[in-house]
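# Understanding the architecture of this molecule
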Amino acid sequence: NARALLDEDEANGIALVDIGAISTGVAIFGDGTLQITGTVQTGGDRWYEAVTKTGTTDVDAKRFLYEEGIKSGAKTKEQQAVLAALAPLVEEIQHLIKYYENRIRRGGKVYKVILCGGGSSLPGLATFLAKGANMEVLLGNPLRHFDQRASKILAPSGALRFTAALGLALRGAP
């Protein structure tokens, strides 16, 4: 993931958060190298389950998660359910960042969070996490090291699901 999203000189004070269907990987970089990793046992499937428990049909739950998400806050029961399901993820990310800053890199700071993985495309997620973490949170661009022809084959928003594969593809690139 890091190979697709970062340059070596950027890997300082950055947390990569890879949100999958079942789990979320967190990797914190400092001084150009990986410093600590963690896994949170929650992902996009948990948000889907939360929405369907509100009485929303499977089809409408998927539409909601891809189109509406939490971009307008907690106005609907579906948004409230997703926000409640996000709480453990937010807590674990904050815990890992604090551990890094206080124990591993005393005085070190995480300045930015970069999201990737299929779950990161939840509308409003980056804004929500930025408010909670009080730092910059961005969606990654796993196509940034490829030429422009790649974006004609795979949209940048869709590429978030393939960040690890794209990073591995770059491993053999010159």
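Residues numbered from 1 in each chain as written. Predicted model: local features only at pLDDT ≥ 70, side-chain atom pairs only at ≥ 80, totals over all residues. Heavy atoms only, no water.

Here the focus is the side chain of Thr42. Along the chain, Thr42 turns up in the loop between strand S3 (33–40) and helix H2 (44–52). Since its relative accessible area comes to 2%, Thr42 is described here as buried. (Helix = DSSP H or I, 4+ residues; strand = E, 2+ residues; numbered from the N terminus. Buried < 20%, exposed > 50% of the residue type's maximum accessible area, 1.4 Å probe, protein only.)

Each pocket or cavity is described by its volume, and for the largest pocket that value is around 390 Å³. What lines the largest pocket is a set of 18 residues, and nearest its centre among them are Gly44, Leu65, Tyr66, Gly118 and Gly119. Within the lining of the largest pocket, the residues separate by chemical class into seven nonpolar, eight polar and three charged. One number sums up the size of the second largest pocket: a volume of about 160 Å³. Lining the second largest pocket are Gln94, Ile97, Lys98, Glu101, Lys109, Val110, Tyr111, Gly132, Ala133, Asn134 and Met135. Going through the elements one at a time, helix H4 (77–104) and helix H5 (125–133) are the ones with two or more residues in the lining of the second largest pocket. Its residues assigned to classes, the lining of the second largest pocket comprises five nonpolar, three polar and three charged. (1 Å grid on protein atoms, 1.4 Å probe; cavity = no way out; pocket = protein on both sides within 12 Å on 5 of 7 lines; lining within 4 Å. Points joined across faces, edges and corners; volume = space filled by probe spheres on them. Nonpolar A, V, L, I, M, F, W, Y, C, P; charged D, E, K, R; others polar.)

A large share of strand S4 (residues 112–116) lies buried, amounting to four of its five residues. Relative to S4, strand S1 (residues 14–19) runs parallel, the two being bridged by five bridges. If you follow Ala15 over to S4, its bridge partner there is Val113. Summarising the sheet, S4 and strand S5 (residues 136–139) pair through four bridges and their orientation is parallel. Considered in S5, the bridge of Ile114 is made with Leu138. Read from S4 through H5 to S5, the crossover connection turns out right-handed. (Pairing = 2+ DSSP bridges. Right-handed = clockwise from strand over helix to strand, strands pointing away.)

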